[in-house]
Amino acid sequence: MKEKITGSEALMRALKAEGVKTIFGYPGGSIMPVYDALYDYTRGEKKAFDHILVRHEQGATHAAEGYARVSGEVGVALVTSGPGATNTLTGVADAMLDSTPIVVIAGQVPIAALGTDAFQEVDLVGLAQPISKWSYQIRHAEDIAWAVSRAFFIAKSGRPGPVVLDFPKNAQTEKVEFEPTKVDFVRSYVPRPILDEKVLKEAAELINNAQKPLALVGQGVELGNAQEELKAFLEKADIPAGRTMLGLSALPSNHPLNMGMLGMHGNYAPNLKEQQCDVLIAIGMRFSDRVTGSLKTYAKQAKIIHLDIDKSEIDKCVKTDVAVVADCKESLPALTALLNKADHQEWKDSFKELAQQEYERVIEPAIHPTEGPLLMGEVVNAVAEATKGDAVLVTDVGQNQLFATRYFKYHQKRSICTSGGLGTMGYGMPAAIGATFAVDRTVVCFMGDGGFQMNIQELGTIMEQQSPVKMILLNNNYLGNVRQWQDMFWQKRKSFTKMMNPCYEQIAKGYGIPYEVVIDRSTLHAAIEHMLSTEGPFILECAIKEDDDVLPMTPPGMSVDDMMLEINCN
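For the structure given in this document, a descriptive report is provided here. Quantities reported herein were computed from a predicted structural model and do not represent experimental measurements.

What counts and how
- Residues numbered from 1 in each chain as written.
- Predicted model: local features only at pLDDT ≥ 70, side-chain atom pairs only at ≥ 80, totals over all residues.
- Heavy atoms only, no water.
- Pairing = 2+ DSSP bridges.
- Helix = DSSP H or I, 4+ residues; strand = E, 2+ residues; numbered from the N terminus.
- Axes fitted to C-alpha atoms, helices over the stretch in contact; angles between N-to-C directions.
- Contact = heavy atoms within 4.5 Å.
- 1 Å grid on protein atoms, 1.4 Å probe; cavity = no way out; pocket = protein on both sides within 12 Å on 5 of 7 lines; lining within 4 Å.
- Points joined across faces, edges and corners; volume = space filled by probe spheres on them.
- Phe/Tyr/Trp six-rings, centres within 6.5 Å; stacked < 30°, edge-to-face > 60°.
- Buried < 20%, exposed > 50% of the residue type's maximum accessible area, 1.4 Å probe, protein only.
- Lys NZ or Arg CZ within 6 Å of the ring centre and 35° of its normal.

**What to know about the sheet that holds strand 12 (residues 279-283)**
Next, step 1: Strands sit in the order 11-10-9-12-13-14 across an open sheet of 6 strands; the sheet is parallel. Looking along the sheet, the strands with just one partner apiece sit at the ends: strand 11 (258-261) and strand 14 (322-325). On average, each strand axis in the sheet is tilted by 15° relative to the strand beside it, whichever way the strands run.
Next, step 2: Here strand 13 (residues 303-308) runs beside strand 14; their pairing, made up of 4 bridges, is parallel. By the bridge assignment, D308 is partnered in strand 14 with V325.
Next, step 3: Seen against the sheet, helix 11 (residues 227-237) touches strand 9 (213-217), strand 10 (241-243) and strand 12 and runs at an angle of roughly 170° to strand 12.

Next comes the structure, spelled out in structure tokens:
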């Protein structure tokens with residue numbers, strides 16, 4: 001007769017079978033049997049996991065996201081029912097929009113109590129269904145092995161995303177004969193579409209005949225681990241490339257074909273050249289409104305080739321001429337094999353004048369100011385130079401995110417972790433914690449004073465774990481991005497964007513985290529060196545000019561052609 005174990009023990013064995021190493025979580029009544037089983041799996045001979053006690057369940061999901069984005073593995077969050085479960089939903093939605101593979105396991109009241117408004121009962125499956133790849137209630141212990149394996153398969157295969165498992169208490173305590181299960185097939189779910197040779201030839205013909213090709217590189221390249229395949233593709237056909245915010249580290253910053261960042265606050269040249277290219281090749285990106293601006297005028301002159309693993313992205317925003325629906329790890333080398341060796345020097349040279357305009361009018365004043373208060377751009381640039389492009393960049397959301405992504409440097413893959421689709425303030429700190437458990441590299445996290453305070457309680461997690469997060473607080477006493485829009489589009493009526501901030505030095509002291517403040521730029525470089533040379537976590541507060549604006553900018557709803565290098569608010 002086979003050994004019978006509790007459902008909670010079965011969950012531990014199922015997670016171990018999936019190769020889980022790190023769990024971010026917060027215990028509570030409805031998940032207590034699981035936490036009791038977890039006790040033995042975090043110490044002694046049975047040790048299999050590191051459990052990171054976060055200070056809020058939203059922090060657990062963002063930490064799982066950070067871990068997943070940087071490691072390429074599935075992040076795991078473990079929480080209780082009711083508010084514990086609902087607190088994860090922002091992170092679940094964030095992971096869905098940014099294609100981040102996480103599995104959230106939440107406790108639930110016993111199935112006999114479902115529908116009775118029991119204490120901390122909530123319909124998690126119903127709530128999570130629209131914002132996850134799959135949400136499922138494990139009603140009995142016999143379903144645990146199958147459900148966990150299926151959850152991980154769905155989360156990490158095809159276009160990755162979040163999965164939510166609702167785990168009633170009865171299933172946690174029931175006895176079951178555990179049999180490891182491996183799910184690698186789900187009916188009607190096709191995570192790896194079959195590559196169509198015909199459309200490959202059509203795409204190759206367009207590219208081979210192009211005079212002004214332009215590639216748009218998205219996060220799909222990182223998710224597909226196709227960074228080397230991308231370089232081979234671009235280099236053979238001599239195609240200049242712009243990168244989306246989430247795809248920034250898919251191509252090294254110093255690669256000669258890298259023309260900069262796409263999007264509302266991206267670089268001037270690649271954005272304007274979208275409107276001049278004759279063939280536009282989108283690779284693992286979704287034509288976000290922040291990239292395209294007004295769709296009425298976007299790239300109307302170009303033939304559009306779209307490479308994506310998710311068929312639902314094809315023609316969703318931009319009508320394509322050739323759609324290559326496949327994993328880019330497979331489609332890029334297959335397409336490259338059909339390409340002629342090309343030379344587009346004249347076309348590439350045409351980017352230089354626009355890039356020089358941006359450098360002289362925007363970049364140089366932003367990173368090398370000679371007077372006045374500190375600027376965000378110069379702080380980011382100084383940190384980028386000090387870390388030599390080898391650090392992992394994590395950002396919160398707002399101006400700190402836009403300046404950081406613009407001026408940081410990326411030499412290694414999977415080096416950027418930021419909230420793109422949902423734009424979640426409070427994402428940065430917990431995501432950075434997760435990143436430190438994923439890689440043995442310097443992790444720098446840029447935050448504004450608004451986002452810093454949205455999940456400030458995670459300083460407790462950093463304190464307990466001594467997570468070596470280098471936190472750069474860009475403090476301008478404003479909700480800076482909203483303030484910029486109010487100045488530009490709302491007659492400078494700064495409605496509730498001014499921040500009364502606490503003494504961050506005292507907060508750092510309370511958590512026992514080393515701290516330094518920079519007010520004058522003469523001390524900036526020394527302070528950064530101090531931060532980077534200090535073992536463990538560090539908070540570097542920088543007193544930033546209050547009305548520092550992010551440029552260039554395509555005004556919302558306007559054409560990419562309308563991108564501005566300066567702001568006139570009069």
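**A look at the layout of surface pockets**
Next, step 1: Here the second largest pocket defines a volume of roughly 610 Å³.
Next, step 2: Considering the residues around the second largest pocket, the lining is formed by 28 residues, among which S253, N258, M259, G260 and N267 are closest to the centre.
Next, step 3: Elements with a contribution of two residues or more to the lining of the second largest pocket: strand 11, helix 12 (268-273), helix 15 (345-367) and helix 17 (399-407).
Next, step 4: Looking at the lining of the second largest pocket element by element, the count peaks at 10 residues for helix 15.

**Let's talk about the packing of aromatic side chains**
Next, step 1: Evaluation of the coordinates by the stated rule reveals 14 aromatic pairs.
Next, step 2: Taking the centre distance of 6.0 Å and the plane angle of 85° together, the rings of W134 and W146 count as edge-to-face. Placement of the pair is W134 in strand 6 (residues 134-137) and W146 in helix 7 (residues 144-156), with a sequence separation of 12 residues.
Next, step 3: With relative accessibility at 14%, the residue W134 sits in the buried group.
Next, step 4: For W146, a relative accessible area of 34% gives the class partly exposed.
Next, step 5: Ring plane angle 25° and centroid distance 6.4 Å describe the contact between F403 and Y407, whose orientation is recorded as stacked. Taken together, the positions of F403 and Y407, both in helix 17 and 4 residues apart, correspond to about one turn of that helix.
Next, step 6: Judged by its relative accessible area of 4%, Y407 falls in the buried class.
Next, step 7: Among the aromatic residues, those joined into a ring-pair cluster are F24, Y67 and F437.
Next, step 8: The cationic tip of R43 hangs over the ring face of Y39; the distance from NZ or CZ to the ring centre is 3.9 Å.

**Considerations on the sheet that holds strand 6**
Next, step 1: In spatial order, the strands read 3-2-4-5-7-6; together these 6 strands make up an open sheet with parallel pairing. Two strands bound the open sheet, and with one partner strand each, they are strand 3 (50-53) and strand 6. Across this sheet, the average inter-strand angle for adjacent strands is 20°, counted without regard to direction.
Next, step 2: Note: strand 4 (residues 75-79) against strand 5 (residues 102-108), 5 bridges, orientation parallel.

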